[in-house]
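Structural overview for review
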2 protein chains.
Amino acid sequence: MSSEITIPPIADFHVHVRDGDMMRLVVPTIRQGGVSVAYIMPNLVPPLTTVDDVLNYKERLKDVDPEVNYLMTLYLSPAITPPVIRAAKKAGITGVKCYPHGVTTNSDHGVQSYEPFYPTFAAMEEEDMVLNLHGECPSRDPDIHLLNAEESFLPTLFDIHKRFPKLRIVLEHCTSKAAVEAVLKCGDSVAATITAHHLYLTLDNWAGNSHNFCKPVAKLPSDRQALIEAATSGNKKFFFGSDSAPHPLSAKEKGRNAAAGVYTQSHALAYLAEIFEKAGKLEKLEDFASKFGRTFYRIPEDRSGWLVTLKKEQSVVPMTIGEGVTTVVPFLAGETLHWKIYNNFA
Amino acid sequence: MSSEITIPPIADFHVHVRDGDMMRLVVPTIRQGGVSVAYIMPNLVPPLTTVDDVLNYKERLKDVDPEVNYLMTLYLSPAITPPVIRAAKKAGITGVKCYPHGVTTNSDHGVQSYEPFYPTFAAMEEEDMVLNLHGECPSRDPDIHLLNAEESFLPTLFDIHKRFPKLRIVLEHCTSKAAVEAVLKCGDSVAATITAHHLYLTLDNWAGNSHNFCKPVAKLPSDRQALIEAATSGNKKFFFGSDSAPHPLSAKEKGRNAAAGVYTQSHALAYLAEIFEKAGKLEKLEDFASKFGRTFYRIPEDRSGWLVTLKKEQSVVPMTIGEGVTTVVPFLAGETLHWKIYNNFA
């Protein structure tokens, strides 16, 4: 087995970098993780629902690290009308993220019904913009719970795909065997991102461990296995989106309402290498972590000369990054990873 | 609907009151909760594996509150041989608690295989002692997880019941529809306790909320519904065992390895009344909370003159009880209950 892998930087198609001090802490860790393309989520407080808001946010990100290729998104809301879609396309915005109401961090403004957005989806299809779906049904229905919320959403995925067959749709951070199977059933315009942490975690790992708690929650061992198989399968429908979601330590280590989210940005590629090696599929790592996502989003390979080298070396994930109110606990803090990321940028 | 209920004090057939400062904090809350009979768990550190240890512990409990009827248990371990069972019976010890290895708080000394204990179970059957089973399979098997750990244990319950048909067995804190159905299938010597908090909680309630995290974990809405139906059914196989499990706040409000357990002792009967009223089954409350358990354990009704009155009054559960290192957060802290407990003892 090779003990060193050198590849162009990877692409992370689901990134939360927040704003303000937290942004200044985590944006520099995008490249540390081996990532040159970051697909940026719009769920700030308040959410990004105008083209100007998105462009201003992109400027703030570039002020922190101008070397990352930030792909920007709008937050689906009644403000996102067909004319806004056309303006967004012209302004270089890549996609629109759809959060069902109340399912995760900063989703209070999320969608309660999809039908009112059909004209928006039609405009996106015309303009060839990407629809990013947080695929969970809210728990308003007494039969919906955290373990079936994603599976319960799949009929909606099928329905939107059928109505807008050319609309490129990404089922974000898919976590269940049922979701993997659903994405396989759809046409080529439908793909899915898989996070690093969902390749590690099951329900047992977040029980009593809020640092492993995120939405959608990690599910059963059989679901994790399906995700590992999808990620390492070489099927272009599945690619990497970390859903790295930094929260201050104080929002995680509490008795009630611990924030949902796992921060993986700084060690993104190292987390993945560990899983791919264990699965005996290291040769599929670049496809999943870079090529398939770039192909779906039509983003060329990075030719800047920046190369990422993974070396088979033990390193311990730090217990925290940052300090004070923006202290963040990385995924697997204090544990040993067996691949270490070396970047050749200055 | 009546707005006042007066009954003799109830019986709680699964109680953790710890030792030392924590014991001094929570033992006085047994009677506050409307409880006069407390079936005391032996999982101290180290666990109670000798008759003398159990009797000494009982003395310490009586020093704190002599008015409670403490029913005592041994912790099943290789030390619990048939002669120990006979000595325990003579000493007035009621039962033996069996923890599978590593499934919950202080279960490091727990059972890894049941077969070596058959002679002990035979002696218990002869001596008419009660076997209290924590019914979960440990997660050593990669297909076992927190949601199926109890269901996976049920074949073991059937097996022990078949081998020792007269041995009285209690499946403790049952949490799943499958467990309810299994207990119904067994003969009269098998019963189950149900906690107060499992009548309220599902998986969604402990996700990111460590105060609601316990073992066995609360499961799906359909499981909770099965528990409510069993508890309010008037079937004598199901009776109250709170599994009230106090942990210091600092052990609960942490990012990793939050302690498993929900403290319900101080408001035990009030929590139950709320659920029974909502189910339209207040008339079954006394059966579940007192009579069926006393019948199974052959403990007469309390005739001391102490009566417990539940009044239909709003009261807010305190955010904490105790102070300093023994601060404990009660179940539903800060929330409003609609029944209030009045005891007529001094």
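Provided above is the structure to which this section pertains.
Quick caveat, the model's predicted, so the values are computed rather than measured.

Calculation criteria
- Residues numbered from 1 in each chain as written.
- Chains lettered and ligands numbered in written order.
- Predicted model: local features only at pLDDT ≥ 70, side-chain atom pairs only at ≥ 80, totals over all residues.
- Buried ≥ 20, exposed ≤ 12 C-beta atoms within 10 Å, placed from the backbone.
- Helix = DSSP H or I, 4+ residues; strand = E, 2+ residues; numbered from the N terminus.
- Arc of directions from axis to C-beta.
- Contact = placed C-beta atoms within 7 Å.
- Right-handed = clockwise from strand over helix to strand, strands pointing away.
- Pairing = 2+ DSSP bridges.
- Nonpolar A, V, L, I, M, F, W, Y, C, P; charged D, E, K, R; others polar.
- Least-squares fit on C-alpha atoms with pLDDT ≥ 70 in both.
- Axes fitted to C-alpha atoms, helices over the stretch in contact; angles between N-to-C directions.
- Core = buried A, V, L, I, M, F, W, Y, C linked by C-beta atoms within 7 Å.

Residues and elements named next belong to chain B. For helix α5 (residues 118-127), the set of buried residues is Thr120, Phe121, Ala123 and Met124. In a view along the axis of α5, the buried residues occupy a sector of 160°, so they form one face of it. Relative to its buried face, α5 has exposed residues pointing more than 90 degrees away, namely Tyr118 and Pro119. Elements that come into contact with the buried residues of α5 comprise α4 (82-90), β6 (95-98), β7 (130-133) and α6 (149-163). Looking one or two residues beyond α5, the residue adopting positive phi is Asp128, at roughly 60°.

Right, let's get into the pairing of β6(B). All names here are of chain B. A two-sided burial pattern is seen for β6, the buried positions comprising Gly95 and Lys97 on one face and Val96 and Cys98 on the other. The β-α-β motif built from strand β5 (residues 73-75), the intervening α4 and the parallel element β6 has right-handed crossover chirality. Where β6 meets β7, four bridges bridge the pair, whose relative direction is parallel. Among the inter-strand pairings, Lys97 is bridged to a residue of β7, identified as Asn132.

Facing the 27 residues of chain A at the interface are 27 residues of chain B. Tallied by class, residues from the side of chain A that touches chain B come to twelve nonpolar, nine polar and six charged.

Here we come to unusual backbone geometry. Of note, the bond from A:Lys215 into A:Pro216 is cis; its omega dihedral lies within 30 degrees of zero at -5°. Notably, B:Arg18 is not glycine yet its phi reads approximately 60°, a positive angle. Relative to the helices and strands, B:Arg18 resides in the loop between β2 (10-15) and α1 (20-26). Its identity as a non-glycine residue notwithstanding, B:Leu332 has a phi of 60°, on the positive side. Here B:Leu332 lies in the loop between β12 (315-316) and β13 (336-337).

Attention shifts here to the relation of the copies chain A and chain B. Superposing chain A onto chain B requires a rotation of 180° together with a translation of 0.0 Å along the rotation axis, leaving an RMSD of 0.0 Å. As the rotation angle and translation indicate, the two copies are arranged about a two-fold axis. Of the residues that chain A buries at the interface, 100% are likewise interface residues in chain B, meaning the two copies contact each other through the same surface.

What follows is about the sheet that holds strand β5 (residues 73-75) of chain A. All names here are of chain A. Taken together, six strands build an open sheet; the order of strands is β5-β6-β7-β8-β9-β10 and the sheet is parallel. Lying at the two open borders of the sheet, with one neighbouring strand each, are β5 and β10 (238-240). Between one strand axis and the next, the sheet turns through 30° on average, direction left out of account. Note that strand β8 (residues 168-171) and strand β9 (residues 190-194) share three bridges and pair parallel. Paired with Val170 across the two strands is Ala191, which belongs to β9. Against the sheet, helix α7 (residues 177-185) engages β8 and β9, with an angle of about 150° to β9.

With that settled, consider the environment of B:Lys284. All names here are of chain B. Looking at the element boundaries, Lys284 is found in the loop between α11 (268-278) and α12 (285-297). With 18 C-beta atoms packed within 10 Å, Lys284 lands in the partly exposed category. In contact with Lys284, not counting residues within four places along its chain, are Thr232, Gly234 and Phe276.

With that settled, the discussion passes to the sheet that holds strand β14 (residues 340-343) of chain B. Residue and element names in this part refer to chain B. Spatially, β1-β11-β14 is the arrangement adopted by the three strands of the open sheet, whose pairing is antiparallel. Among the strands making up the open sheet, the edge pair consists of β1 (4-7) and β14. With direction set aside, neighbouring strand axes in the sheet form an average angle of 20°.

Let's shift gears to the nonpolar core. Of all hydrophobic cores here, the largest spans 229 residues; its most connected members are A:Leu272 and B:Leu272. If we ignore the near neighbours within four places in the chain, the residues touching B:Leu272 are B:Ala196, B:Phe240, B:Leu285 and B:Ala289.

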